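These are the residues of each chain, in order.
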Amino acid sequence: MTDITAFWTAIYIAMLAAFTGYVVISRVPAILHTPLMSGSNFIHGIVLVGAMVALGLATTPVEQVIGFVAVILGAANVTGGYVVTERILQMFDRSGKKPGKGA
Amino acid sequence: MADLSWLIEPVYIVTIFFFILGMQRMSHPLTARSGIVWAGAAMLIATLVTFFTPNLTNITLIAIAIVIGGGFGYIAAKRVAMTNMPQMIALYNGMGGGAAAGISAVALLGITTATTGSLAVVGGLIGAVSFTGSIIAFLKLQGWMRPRPITFPGQQIINMVVLALAIISGVLVIVQPAWLPFSVAMYLPLFFILSLGFGLLMTLPIGGADMPVVISMYNAFTGLAVALDGFSFATPNYAMVVAGIIVGAAGSLLTLNMARAMNRSLTNVFFGAFGATEEKGLDLKGSMKSIEVDDVAILLAYANKVVIAPGYGMAVAQAQQKVKELADLLESRNVQVKFAIHPVAGRMPGHMNVLLAEAGVAYDHLFDRDEVNPEFPGTDVVLVIGANDVVNPAAHRQGSPLFGMPILDVEQAKNVIVLKRGQGKGFAGIENDLFYRDNTRMLYGDAQETVGKLVQALKKL
């Protein structure tokens, strides 16, 4: 991020990403709000790759300790977020296959 | 090993594509599950390809940490009961925030430019706040901490001072003015301690009933922190930037929706210490009238239309299976059954939908507040199962702390049966007028047990 072009590129990317997030989410019905929140919780688990790089490029023991903890936390975010979301959606899957009567 | 680092960027782009596709597919119940599977596969390849990062060392340490963290996340998430999902989401969200704060710390310990350093400071602050804040939310929801707001005199001033000091120390980490005696080694820990402390202090005064808003906001925070941290590397990690911002936007939207569902501003949620105060001079007329299971069964059996309004109490009692059984039984007797779902019933957005889906209730039986409210005057019996604040008509009365919150207008139905464990108040700690109405009867007991008895009684009719 040393030159001005990179800065503006970043702004473009951020703007488009924010818009994408807004549009994709605004169409989700209320009944799926929990899996949606849990799913987005899983998606920010991408922090894991950052933590891996931080630990992988760490040189001092202090950096290594912090990086190590960050990778643990990031990995828990990824697997936990995935399993929770998957379990929730599995139930919707099941309940959705039963044809609704009446209503 | 051959240099495969050229693979990283293309794989990250594919990852982001599948993240967006996954969230897109989550917009319908039938495709939602494939959505998370796509996103999961993408996450896996993104993690693997990251091992090809040039000059990556400490690979054994990375692998060990992934096994520890991943193992914990997997096992804890598999074991937890569905009713405890809100706190698990809060916990994993906090961990993501903590990881983001850690990345910021490592970045700030290394050599940074003013730009990347500033972004890392902001990311670190938000990540740290999300970390401790989510943990407090987790503890409150798990019941390991009193869920009622914790307040003390001067709280908001203290919170603001802590935040201001955190920001100042963050600025000092970047600019390091020569006239100040201390170095980065001094300001950096101070910055993180203050940031973590602020997350803690900010969440303490928030009550259990506001947790849907809080969890969803910290989710947005973590997303934002991850996005900012994406810039803290020598070459920006655009996968983090894009995924983080998408989550930030999604979380913000959801947070505002939740706050709107309670007719409260975010300021009110975060600084209102909701539920800590009592409405004074309230004189409720009438008395609570209780009813027996058999009488309720008869009411239900000969009704044309029954609406079930579940709340957090149903989750606590794990009554959803029995409730589904009851609904099926009524439908087999040609009683029309609908579920009225308040957007903030329970402890996370859509909490009731998840539990009822778990029990196998088809989602076309579930109705939003706005859809179902006009139907209450034509409803014979409303079963309120463990819900309190979301059906409290005090919301229509000026001066009540709940005033203005859109509620389920169950009091308009011919009969209202409230299933409740005891005579206590809701999470908001406010008396419920509904319980004193002439058309309301209280059915005391554990929700699962009571609904079970109802099912038995109905079968005999």
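Quick note: structure is the one above.
Before going further, it helps to spend a moment on the overall build of chain B. Looking only at helices and strands, chain B features 16 helices and six strands. The C-alpha extent of chain B, read off along each of the three principal axes, is 80 × 55 × 30 Å. Out of the 461 residues belonging to chain B, those deemed buried represent 59%. Long-range pairs, those at least 24 residues apart, make up 77% of the contacts in chain B with a sequence separation of at least 6. A gap of 3 Å separates the mean positions of the 29 positive and 28 negative side-chain charges of chain B.

On to the packing of helix 5 (residues 114-142) of chain B against helix 6 (residues 155-175) of chain B, then. Residues and elements named next belong to chain B. In the contact formed by helix 5 and helix 6, the axes pass within 9 Å of each other and the chain directions differ by 155 degrees. Here helix 6 runs roughly antiparallel to helix 5, going by the angle between their axes. Between helix 5 and helix 6 lies a crossing of right-handed hand. The residues of helix 6 that touch helix 5, namely those facing Ala 114, Gly 117, Ser 118, Val 121 and Leu 125, are Leu 163, Ala 166, Ile 167, Gly 170 and Ile 174.

Turning our attention to the sheet that holds strand 5 (residues 415-420) of chain B. All names here are of chain B. Taken in spatial order, the six strands make up an open sheet running 3-2-1-4-5-6, and their pairing is parallel. In this open sheet, the two strands that pair with only one neighbour each are strand 3 (366-368) and strand 6 (440-444). For this sheet, the mean angle separating the axes of adjacent strands, direction not counted, is 25 degrees. Relative to strand 4 (residues 381-385), strand 1 (residues 305-310) runs parallel, the two being bridged by five bridges. From the neighbouring strand, Val 306 faces strand 4, where its bridge partner is Val 381. Packed on one face of the sheet, helix 13 (residues 320-332) meets strand 1, strand 2 (336-341) and strand 4 and runs near 145 degrees to strand 2.

All names here are of chain B. Even without a glycine there, the phi angle at Asn 58 is positive, about 55 degrees. Inspection of the secondary structure assignment puts Asn 58 in the loop between helix 2 (32-50) and helix 3 (59-79). Owing to a relative accessible area of 18%, Asn 58 belongs among the buried residues under this scheme. One non-glycine residue, Gln 318, adopts positive backbone phi at about 55 degrees. When you line up the elements, Gln 318 lands in the loop between helix 12 (312-317) and helix 13. For Gln 318, a relative accessible area of 35% puts it in the partly exposed group.

Across all of its chains, the model carries eight aromatic pairs over all chains by this definition. Note on Phe 7 of chain A and Trp 8 of chain A: the rings are 5.1 Å apart at their centroids and 75 degrees apart in plane angle, and the pair reads as edge-to-face. We classify Phe 7 of chain A as partly exposed; its relative accessible area is 32%. Plain terms: the ring middles of Phe 17 of chain B and Phe 18 of chain B are 5.3 Å apart, the flat faces sit at 80 degrees to each other, and that makes the pair edge-to-face. Every member of this aromatic cluster is reached through a ring pair, and the members are Phe 17, Phe 18 and Trp 38 of chain B. When the ring centre of Phe 367 of chain B is taken as origin, the NZ or CZ atom of Lys 338 of chain B, which lies over that ring, is 4.5 Å away.

So, on to the pattern of salt bridges. Residue and element names in this part refer to chain B. All told, the structure shown has eight salt bridges over all chains when counted by the stated rule. In this structure, Glu 375 and Lys 305 form a salt bridge, with 2.6 Å as the shortest nitrogen-oxygen distance. Of this pair, Glu 375 sits in the loop between helix 15 (369-372) and strand 4 while Lys 305 is found in strand 1, placing the two residues 70 residues apart along the sequence. Among the salt bridges present, the one from Glu 375 reaches Lys 338, with a minimum N-O distance of 2.9 Å. Placement of Glu 375 in the loop between helix 15 and strand 4 and of Lys 338 in strand 2 is noted, with a sequence separation of 37 residues between them.

So, on to a nonpolar patch on the surface. All names here are of chain A. A cluster of nonpolar side chains, contributed by Ile 4, Phe 7, Trp 8, Ile 11, Tyr 12, Met 15 and Leu 16, occupies part of the molecular surface with about 780 Å² of accessible area. Inspection of the secondary structure puts Tyr 12 in helix 1 (residues 4-26). On the basis of relative accessibility, which here comes to 59%, the residue Tyr 12 falls in the exposed class.

Glancing now at the pairing of strand 5 of chain B. All names here are of chain B. Counting buried positions over the six residues of strand 5 gives five, a clear majority of the element. Pairing analysis gives five bridges linking strand 4 to strand 5, with the strands arranged parallel. Across the sheet, residue Val 384 finds its bridge partner in strand 5, namely Val 418. Here strand 5 runs beside strand 6; their pairing, made up of five bridges, is parallel. When the bridges of strand 6 are listed, Leu 419 appears paired with Leu 443.

All right, on to the interface of chain B and chain A then. Tallying the contact residues gives 108 residues for chain B and 82 residues for chain A. At the boundary of chain B with chain A, total buried surface from both sides reaches about 8,200 Å², with 77% on carbon and sulfur atoms. Three residues, Arg 33, Ile 36 and Met 43 of chain B, lead the burial of chain B against chain A; their summed loss comes to 8% of the area buried on that side. One can count one salt bridge joining chain B with chain A. For Arg 33 of chain B, the salt bridge goes to Glu 86 of chain A, with nearest N and O atoms at 2.7 Å.

As a further point, take the side chain of Gln 155 of chain B. Residues and elements named next belong to chain B. By secondary structure assignment, the location of Gln 155 is in helix 6. By relative accessible area, which is 7% here, Gln 155 ends up buried. In this structure the side chain of Gln 155 is engaged in a polar contact, spanning 2.9 Å, whose partner is the backbone oxygen of Ile 150.

This part is about the environment of Gly 251 of chain B. With respect to the helices and strands, Gly 251 of chain B occurs in helix 9 (residues 238-261). Excluding residues that lie within four positions of it along the chain, Gly 251 of chain B makes contacts with Ser 216 and Ala 220 of chain B.

The next point concerns the pairing of strand 1 of chain B. Taken residue by residue, a regular strand's side chains alternate between the two faces of the sheet. All names here are of chain B. Extensive coverage of strand 1 is indicated by the burial of six of its six residues. Burial along strand 1 is two-sided: Lys 305, Val 307 and Ala 309 and Val 306, Ile 308 and Pro 310, pointing in opposite directions, are all buried. Examined bridge by bridge, strand 1 and strand 2 share four bridges and lie parallel to one another. In the sheet register, Lys 305 faces strand 2, and the bridge partner there is Gln 336.

What counts and what doesn't
Residues numbered from 1 in each chain as written. Chains lettered and ligands numbered in written order. Predicted model: local features only at pLDDT ≥ 70, side-chain atom pairs only at ≥ 80, totals over all residues. Heavy atoms only, no water. Helix = DSSP H or I, 4+ residues; strand = E, 2+ residues; numbered from the N terminus. Buried < 20%, exposed > 50% of the residue type's maximum accessible area, 1.4 Å probe, protein only. Contact = heavy atoms within 4.5 Å. Lys, Arg positive; Asp, Glu negative; His and termini not counted. Charge placed at Lys NZ, Arg CZ, Asp CG, Glu CD. Axes fitted to C-alpha atoms, helices over the stretch in contact; angles between N-to-C directions. Parallel < 35°, antiparallel > 145°, perpendicular 65-115°, else oblique. Left-handed = near helix turned anticlockwise from the far one by under 90°. Pairing = 2+ DSSP bridges. Phe/Tyr/Trp six-rings, centres within 6.5 Å; stacked < 30°, edge-to-face > 60°. Lys NZ or Arg CZ within 6 Å of the ring centre and 35° of its normal. Salt bridge = Lys/Arg side-chain N within 4 Å of Asp/Glu carboxyl O. Patch = residues over 30% accessible without salt bridge, like charges linked within 9 Å, V, L, I, M, F, W, Y side chains within 5 Å. Areas by Shrake-Rupley, 256 points an atom, 1.4 Å probe, with all protein chains shown as cover. Buried area = accessible area lost by both parts, 1.4 Å probe. Polar contact = N/O pair within 3.5 Å; in protein donor to acceptor, adjacent residues only side chain to side chain.

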